[in-house]
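# Topology and contacts: notes
Residues per chain are reported as follows:
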Amino acid sequence: MTIYNFSAGPAVLPREILLQAQAELLDWHGSGMSVMEMSHRGKEFTGIHAQAEADLRELMGIPANYKVLFLQGGAHLQFSMIPLNLLRGKASADYVNTGEWSKKAIGEAHKFGGVNVVASNADRNCTYVPAFDAWQCDPDAAYLHYTTNETIGGVEFSWVPVIGDVPLVADMSSNILSRPYDVSKFGLIYAGAQKNIGPAGLVLVIVRDDLLGQAQAGTPTMLDYKIHADAGSMYNTPPTYGIYIAGLVFQWLKKNGGIAAMERANIAKAELLYAAIDASGGFYHCPVALSDRSRMNVPFTLKNSGTPKDAALDGEFLRQADARGLLQLKGHRSVGGMRASIYNAMPLEGVQALVDFMNEFAGKHG
Ligand SMILES: *Cc1c(COP(=O)(O)O)cnc(C)c1O
């Protein structure tokens, strides 16, 4: 049976990469060593690291005045590192609230300075992107932070805010590399690896170099971007195996047509799944506004959502999906229902298998 893994993260990786990692596990390129056993300062690993960075720069078109950092601590640590490094003596930063992940970023930023929530979708249960013309941006803000894709709510920006000179900071943890972004529009981009890049334990930071070197007094050394930038992400031992796998993912993306091709595939997968939900006559329901539906994370409920009858049906849906090899479809505990995460590494066949199952299930239980 073919297994399709719809986990929100850690998430599916391309099978051919896992096979390559397996083949190279004990002896990387004739070195006689596993990548896990190599000195991070040896020529083998520094080569792996440099190649991964070069491939990422090529894929995303990262300009030369941006540093690429391979760090640890997940996206969560970035919630603190961003204010520590980017407030630069200013009174406050702007944040957009679009759901669970922006709320966490906002909560942490409060510890370091003023937070101005310029827009929020909380009035409609975090199911849409607030229209830009109503954002109350502060021209003196240290930066503006937003979450390009809310992994839990399934709300994704299809546009990039244009905010003048205030640096734009984006949490791209769950949609980086899934669609093209003009990096030059951002001051800082960050993404935990475990959704669209590689294994957990690695977080990617892309930061414009004029924003470095202004961390607030007392910032721990390990939380200062400048320290990591100056040391080429080798200030301490980096997450070497994660960087290696991320590098293989970047090569896989390049081989498969880059981000433009990935976006076409992601559009096709998302359209297929949303069409099945919308054509189910109300058996399945996605609460997110049509224009703001995520291509990566598709939340949906079954009919009679919230009733005891529905809870039983949810369980039945998950059991039968499991039996078909359609794994990890249970929705986030804060939202309930189902969530299908269909990142870059999910093939169209996986989404088709899910849609076939959903149609059959609705036919029996509708
Ligand atoms: C998963 C996720 C995070 C948290 O990542 P950790 O690596 O667990 O810290 C933050 N933001 C978004 C958008 C996410 O999807």
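Placed above this text is the structure.
Residues numbered from 1 in each chain as written. Predicted model: local features only at pLDDT ≥ 70, side-chain atom pairs only at ≥ 80, totals over all residues. Heavy atoms only, no water.

### Focus: the site of the ligand
Near the ligand lie 13 residues; those nearest to it are H76, T151, D171, Q194 and K195. Within the side chain of T151, an N or O atom sits 2.4 Å from an oxygen atom of the ligand. Burial of the ligand by the protein chains amounts to 87% of its free accessible area of 380 Å². Among the elements that make up the shell around the ligand, the one with the highest residue count is helix α3 (residues 74–86) (four residues). Taken together, the residues that form the shell around the ligand break down as three nonpolar, eight polar and two charged. (Near = heavy atom within 4 Å. Polar contact = N/O pair within 3.5 Å; in protein donor to acceptor, adjacent residues only side chain to side chain. Areas by Shrake-Rupley, 256 points an atom, 1.4 Å probe, with all protein chains shown as cover. Helix = DSSP H or I, 4+ residues; strand = E, 2+ residues; numbered from the N terminus. Nonpolar A, V, L, I, M, F, W, Y, C, P; charged D, E, K, R; others polar.)

### Concerning the sheet that holds strand β12 (residues 297–302)
Taken in spatial order, the three strands line up as β11-β12-β14 in an open sheet, and their pairing is antiparallel. Each edge of the open sheet carries a strand with a single partner, namely β11 (284–285) and β14 (338–341). Bridging between β11 and β12 involves two bridges; their strand directions are antiparallel. Following the sheet pairing, H285 is matched in β12 by T301. Helix α7 (residues 258–278) contacts β11, β12 and β14 of the sheet and is inclined by roughly 15 degrees relative to β12. (Pairing = 2+ DSSP bridges. Contact = heavy atoms within 4.5 Å. Axes fitted to C-alpha atoms, helices over the stretch in contact; angles between N-to-C directions.)

### Considering the packing of aromatic side chains
A full pass over the atoms with the stated rule returns 18 aromatic pairs. Centre to centre, the rings of Y241 and Y244 are 5.2 Å apart; their planes meet at 55 degrees, and the pair counts as tilted. With Y241 and Y244 both in helix α6 (residues 240–255), this residue pair falls three residues apart, about one helical turn. Three or more aromatic residues joined by ring pairs make a cluster, and in this case those are F283, Y284, F300, F317, F357 and F361. R124 extends its terminal NZ or CZ atom over the ring of Y128, reaching a point 3.9 Å from the ring centre. (Phe/Tyr/Trp six-rings, centres within 6.5 Å; stacked < 30°, edge-to-face > 60°. Lys NZ or Arg CZ within 6 Å of the ring centre and 35° of its normal.)

### Considerations on the packing of α7 against helix α9 (residues 348–365)
Running from N to C, α7 and α9 cross one another at 5 degrees; their axes reach a closest spacing of 9 Å. Judged on the interaxial angle alone, α9 and α7 are roughly parallel. Contact with α7, carried on its side by A268, K269, L272, L273, A276 and I277, involves L348, V351, Q352, L354, V355, M358 and N359 of α9 and no other residues of that element. Per-class residue counts for the contact of α7 with α9 are ten nonpolar, two polar and one charged. (Parallel < 35°, antiparallel > 145°, perpendicular 65-115°, else oblique.)

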